[in-house]
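# Working through the structure, step by step
Each chain, letter by letter, is given below.
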Protein chains: 2
Amino acid sequence: MSSMQSAPINLVEILEHAAICHGDREIVSRLAEDGTIHRTTYGESYVRVRKLASALEKMGIHKGDRVATLAWNGFRHLECWFGISGMGAICHTLNPRLFAEQLIYIINHAEDRVIMTDVTFVPLLEKLQEHLPTVEHYIIMTDRAHMPDCGLHGAICYEELLESGDEAYVWPSFPEETPSSLCYTSGTTGNPKGVLYTHRSNILHAACGNNADGFGLSADTAILVIVPMFHANAWGLTFAAPMVGTKLIMPGAAMDGASIHELIRTEGVTTSAAVPTVWNGLLDYLDKSGQDLAEIENLVIGGSAVPRYMIEVLDKKYGVEVNHAWGMTEMSPLGTVNRNMPFMKGLKEKDYEAWLDIKCKQGRPPFGVKMKIVDDEEKELPRDGTTFGRLLVRGPWIVESYYKQTAKAVDADDWFDTGDVATIDEHGFLQITDRAKDVIKSGGEWISSVDMENIIMGHDAVALAAVIGLHHPKWDERPLLVVQLKEGCEASREELLSYLEGKVAKWWIPDDVQFVDDVPLTATGKISKLNLREQFADYQFPDQ
Amino acid sequence: MSSMQSAPINLVEILEHAAICHGDREIVSRLAEDGTIHRTTYGESYVRVRKLASALEKMGIHKGDRVATLAWNGFRHLECWFGISGMGAICHTLNPRLFAEQLIYIINHAEDRVIMTDVTFVPLLEKLQEHLPTVEHYIIMTDRAHMPDCGLHGAICYEELLESGDEAYVWPSFPEETPSSLCYTSGTTGNPKGVLYTHRSNILHAACGNNADGFGLSADTAILVIVPMFHANAWGLTFAAPMVGTKLIMPGAAMDGASIHELIRTEGVTTSAAVPTVWNGLLDYLDKSGQDLAEIENLVIGGSAVPRYMIEVLDKKYGVEVNHAWGMTEMSPLGTVNRNMPFMKGLKEKDYEAWLDIKCKQGRPPFGVKMKIVDDEEKELPRDGTTFGRLLVRGPWIVESYYKQTAKAVDADDWFDTGDVATIDEHGFLQITDRAKDVIKSGGEWISSVDMENIIMGHDAVALAAVIGLHHPKWDERPLLVVQLKEGCEASREELLSYLEGKVAKWWIPDDVQFVDDVPLTATGKISKLNLREQFADYQFPDQ
């Protein structure tokens with residue numbers, strides 16, 4: 001017999017807590033079907049979630065079954081998250097931005113029995129459905145009035161389904177290690193891999209990640225969750241918010257500056273979370289419209305490194321603090337958040353650039369995440385802010401093995417290799433310096449491509465720049481700088497190389513420069529180093 | 001195979017996290033042995049904790065063994081907490097304020113093998129030791145210079161012990177349900193009962209209880225932990241603080257206003273936690289010395305209800321917000337914290353008394369604690385802020401069974417009866433109205449003795465007042481008001497009863513008043529209703 005109560009915690013208890021203790025707190029959604037604003041509360045939502053779970057049970061969904069969602073952020077999507085996992089099934093979030101073949105692969109690999117979809121994605125699913133033999137039902141997340149005349153086999157209206165559910169539904173009890181949700185990562189090579197979150201991992205992620213050194217949400221916060229629920233758990237914010245009664249505002253499909261700004265202005269938004277490109281769009285809008293950021297106090301920005309100018313503009317022009325964050329699907333996803341620390345007190349006023357240097361780092365881990373950087377021999381490297389190595393992470397909300405894979409994704413001590421190269425400074429601040437596959441290994445030492453790219457991009461004549469490592473008979477690899485000049489601009493090889501001098505270690509400076517008309521990009525607009533390395537496979541350095 | 005990492009979390013990982021991520025953050029202690037200030041850091045502490053665990057292992061301490069502490073709040077006591085539980089043994093905190101017989105009972109019941117004690121308590125232990133056959137070692141928490149010439153068998157100097165330890169000690173792994181710590185409750189009747197906390201219960205308590213709706217500590221906080229580590233887990237603050245890198249300030253044995261204020265002034269204290277009597281002492285000191293509360297922003301006050309005037313004085317005179325809290329040893333101990341909610345916005349400025357009404361409530365539970373009020377038939381009562389019933393609680397950091405007891409302490413659904421009677425309002429705010437054994441049951445309805453006592457204590461002539469329930473042939477029980485008048489003051493039966501009119505329900509008004517010279521008090525200065533009920537056992541109401 002246990003001395004303390006041993007009942008496992010079901011993820012849905014987060015919403016139950018919100019319903020009991022923050023029953024009137026609002027969930028505001030811009031509807032995907034018609035762009036109108038919908039308002040509900042945690043109290044009302046919890047009733048509907050019980051009806052949903054009951055209806056799914058009547059439909060024959062069992063514990064462990066995969067029920068997928070293909071939807072924007074909105075109140076019905078939130079209900080699906082809690083209803084599906086609360087009944088013991090697995091909520092599988094599908095990313096509508098994937099290619100059709102990837103979606104087909106993922107849905108078949110997960111053997112989804114049901115797909116709950118926004119009206120928006122019905123045409124997409126109509127095209128895919130003949131390739132999805134495991135899917136028995138398509139539930140359209142809308143009411144009867146908005147039901148499309150659709151060609152999906154067994155299409156069901158979400159609101160009709162709910163009517164068939166029983167709000168007296170009682171949640172089952174099962175071990176906390178029971179899977180609750182599933183999200184696939186889309187690597188640049190190979191098939192997507194599924195990360196299977198558990199009730200335990202999501203609860204610890206929400207509880208620890210919401211301490212003051214993490215998201216720090218409270219009942220006084222109103223958060224606009226722009227980061228999609230189909231992408232890396234919406235950074236866990238849709239669990240963390242109801243846990244403390246934070247008002248939830250969800251933008252649906254409208255991610256443009258004007259739509260986002262309307263929600264910020266009308267809903268008393270105090271914080272928000274999204275990738276840098278969304279903030280770029282919003283900053284553009286603010287610039288043109290002369291608007292401000294109303295009651296917003298701070299922003300969580302992650303997904304890729306936050307540009308220095310963005311932190312500066314948000315601070316100086318709008319009085320908004322950026323909480324730079326880093327994570328990955330395999331980490332539920334929270335790895336680090338950059339929050340103010342005692343040693344930073346007064347720094348902003350005294351030395352703004354030094355303060356910016358710190359804010360450009362990805363931050364520090366909350367309790368639960370352990371991290372270290374290692375060299376090629378797995379030896380731990382010093383936390384000095386300059387030495388960089390492969391970043392390994394460990395903790396209760398980090399993947400152990402991918403879905404349906406027998407091999408572990410971690411080493412014998414549970415360390416997961418993030419595929420990133422990073423520095424960690426004496427205060428524990430992480431800074432991602434490169435993807436491991438892009439780092440240049442020269443004479444046994446590592447050279448960061450990203451550092452040099454960031455510097456050279458500051459040259460007036462440069463449109464795009466990439467530094468790649470190519471084979472060198474003596475040094476193993478040496479860096480080559482590939483440059484696409486701005487139209488009508490000129491710059492010589494010598495000029496560009498000397499631009500780097502004094503800014504990076506002497507031995508980092510590339511051995512040569514190659515000018516191209518177009519630096520190749522990936523589908524998501526990032527520089528494709530894979531393509532560049534292929535393009536320059538036969539290249540020989542001048543000294544060879 | 002689990003999909004997410006399944007390694008159990010050891011409680012000592014909280015300190016490990018602090019050492020890695022907040023290594024320079026200070027732990028400041030006023031030493032029990034000589035009142036001097038000692039400074040260390042989480043980084044240094046974690047090295048010493050590994051040496052302590054190693055030394056205890058060499059001493060023959062095994063997993064599950066009870067190692068007791070008898071100590072004030074200080075850095076060595078903190079090391080004991082983490083070292084003992086981290087190695088898998090059980091840290092048993094002894095309350096030095098207990099009677100000798102209670103201490104003997106508790107130590108023998110727990111079968112403590114070791115007692116780690118402050119120098120202060122050596123004389124006490126010298127007297128007790130012949131009654132403590134299980135205790136093999138007494139470890140005196142001091143250095144060689146301060147070692148007393150003591151008559152304790154097998155006395156060991158703490159710092160010498162540490163020297164024998166190995167800082168390369170590797171923590172063992174065990175299930176999270178492994179007991180980590182033990183604390184006895186001292187009821188007014190019967191033997192003390194042990195509450196055996198686990199690694200899991202303490203970790204969840206610290207993580208969930210430190211969200212913004214709980215303690216909300218951060219790396220920017222400096223907390224003076226006055227609530228003793230020997231009492232109800234120091235409210236979990238000594239776990240919550242290192243979890244987020246909060247500076248820890250510990251007052252040792254000096255609880256007087258001047259000593260407490262010195263720490264507040266010199267250590268940049270931003271928050272603190274203690275029972276109301278401590279703040280009474282401090283407010284007195286501030287009044288007489290004309291000092292203020294320096295950088296303190298808010299205070300956590302609990303242990304007993306915070307008087308209304310205290311909240312008002314701290315707010316109006318010192319600009320300090322009171323976070324009224326409630327809990328009990330059986331709850332690790334956090335049950336509720338009174339934090340500002342959106343519905344309270346602007347209330348303080350608009351209607352100060354209404355705001356005070358809310359601040360006088362004990363607050364709302366963090367995620368993890370469920371609570372309900374029930375009547376005698378176990379039927380749940382409405383959350384309307386006026387109906388009161390027995391308060392039941394449930395959750396992962398609430399007791400299931402007392403130490404070495406086979407019977408469960410909870411009902412079939414894990415509800416633990418707190419022994420308190422309370423109201424819960426529509427916003428989820430709890431207010432304790434009575435101890436269950438003191439509530440008056442009249443005609444099937446309940447009457448709160450505390451409510452009426454609080455009102456009558458406002459009468460100028462009243463020194464002390466108690467309302468007790470006595471047998472009544474028709475109503476089962478009726479209230480009797482027992483009053484001790486201030487010296488030289490007079491008040492008639494009719495005057496006192498009419499003073500209550502309009503302030504409580506008509507049928508609550510006591511049937512009679514009895515004047516006494518001295519209202520009997522308990523050893524801790526509370527009104528002894530047990531004694532009063534005995535004293536008036538033969539009393540008959542006027543209408544009988």
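All names here are of chain B. Counted residue by residue, strand 9 (residues 193-198) has five buried out of six residues, so it is predominantly covered. In this sheet, strand 9 lies alongside strand 8 (residues 179-185) in antiparallel orientation, the contact comprising six bridges. Residue pairing across strands places Cys 183 opposite Val 195, the latter belonging to strand 9.

On to the sheet that holds strand 15 (residues 334-337) of chain A. Residues and elements named next belong to chain A. Strand order in the open sheet formed by eight strands is 2-1-11-10-12-13-14-15, with mixed pairing between adjacent strands. Each edge of the open sheet is held by one strand with a lone partner, namely strand 2 (37-41) and strand 15. Sheet twist, expressed as the mean angle between neighbouring strand axes with direction ignored, is 20 degrees. Bridging between strand 1 (residues 26-30) and strand 2 involves five bridges; their strand directions are antiparallel. Looking across to strand 2, one finds that Ile 27 is bridged to Thr 40. Contacts between helix 2 (residues 42-58) and the sheet are confined to strand 1, strand 2 and strand 11 (247-250), with strand 2 contributing the most and set at about 85 degrees to the helix.

A few words on the interface of chain B and chain A. Each side of the interface is counted separately: chain B has 63 residues, and chain A has 63 residues. Carbon and sulfur atoms supply 54% of the area buried between chain B and chain A, which totals about 5,200 Å² over both sides. Three residues stand out in chain B for area buried against chain A, namely Met 4, Gln 5 and Phe 367 of chain B, and they jointly supply 18% of the buried area on that side. Counting the contacts that link chain B with chain A gives six salt bridges.

Our next topic: the sheet that holds strand 17 (residues 389-394) of chain B. Residue and element names in this part refer to chain B. Across the sheet, four strands lie side by side as 16-17-18-19; this open sheet has antiparallel pairing. At either margin of the open sheet sits one strand with a lone partner, and together these are strand 16 (370-374) and strand 19 (430-435). Averaged over all adjacent pairs, the angle separating strand axes in this sheet is 50 degrees, with direction ignored. Bridging between strand 18 (residues 416-424) and strand 19 involves five bridges; their strand directions are antiparallel. The residue bridging Ala 422 from the neighbouring strand is Ile 432, located in strand 19.

This part is about the nonpolar core. Counting residues in hydrophobic clusters, the biggest one holds 176 residues, and the most contacted among them are Met 116 of chain A together with Met 116 of chain B. Beyond its immediate stretch of four places on either side in the chain, Met 116 of chain B contacts Leu 52, Leu 56, Val 67, Ala 68, Thr 69, Leu 70, Cys 80, Ile 139, Met 141 and Tyr 158 of chain B. Formed by 37 residues, the second largest nonpolar core is a distinct cluster that contains Leu 286, Val 322, Leu 347 and Tyr 352 of chain A.

Least-squares fitting of chain B to chain A yields an RMSD of 0.1 Å, with the superposition described by an axial translation of 0.0 Å and a rotation of 180 degrees. Classification of the inter-copy transformation places it as that of a two-fold axis. Residue Asn 211 of chain B, judged by its C-alpha, is the member of chain B lying nearest the rotation axis, at 2.5 Å. Here 100% of the contact residues of chain B are again contact residues in chain A; the copies associate through an equivalent surface.

Attention shifts here to the pairing of strand 17 (residues 389-394) of chain A. Residues and elements named next belong to chain A. Across the six residues of strand 17, five count as buried, placing the element largely inside the fold. For strand 16 (residues 370-374) and strand 17, the ladder comprises five bridges, and the chain directions are antiparallel. Bridge pairing links Lys 372 to Leu 392 in strand 17. Where strand 17 meets strand 18 (residues 416-424), four bridges bridge the pair, whose relative direction is antiparallel. In the sheet register, Arg 390 faces strand 18, and the bridge partner there is Val 421.

Conventions we followed
- Residues numbered from 1 in each chain as written.
- Chains lettered and ligands numbered in written order.
- Predicted model: local features only at pLDDT ≥ 70, side-chain atom pairs only at ≥ 80, totals over all residues.
- Heavy atoms only, no water.
- Buried < 20%, exposed > 50% of the residue type's maximum accessible area, 1.4 Å probe, protein only.
- Helix = DSSP H or I, 4+ residues; strand = E, 2+ residues; numbered from the N terminus.
- Pairing = 2+ DSSP bridges.
- Axes fitted to C-alpha atoms, helices over the stretch in contact; angles between N-to-C directions.
- Contact = heavy atoms within 4.5 Å.
- Buried area = accessible area lost by both parts, 1.4 Å probe.
- Salt bridge = Lys/Arg side-chain N within 4 Å of Asp/Glu carboxyl O.
- Core = buried A, V, L, I, M, F, W, Y, C linked by side-chain atoms within 4.5 Å.
- Least-squares fit on C-alpha atoms with pLDDT ≥ 70 in both.

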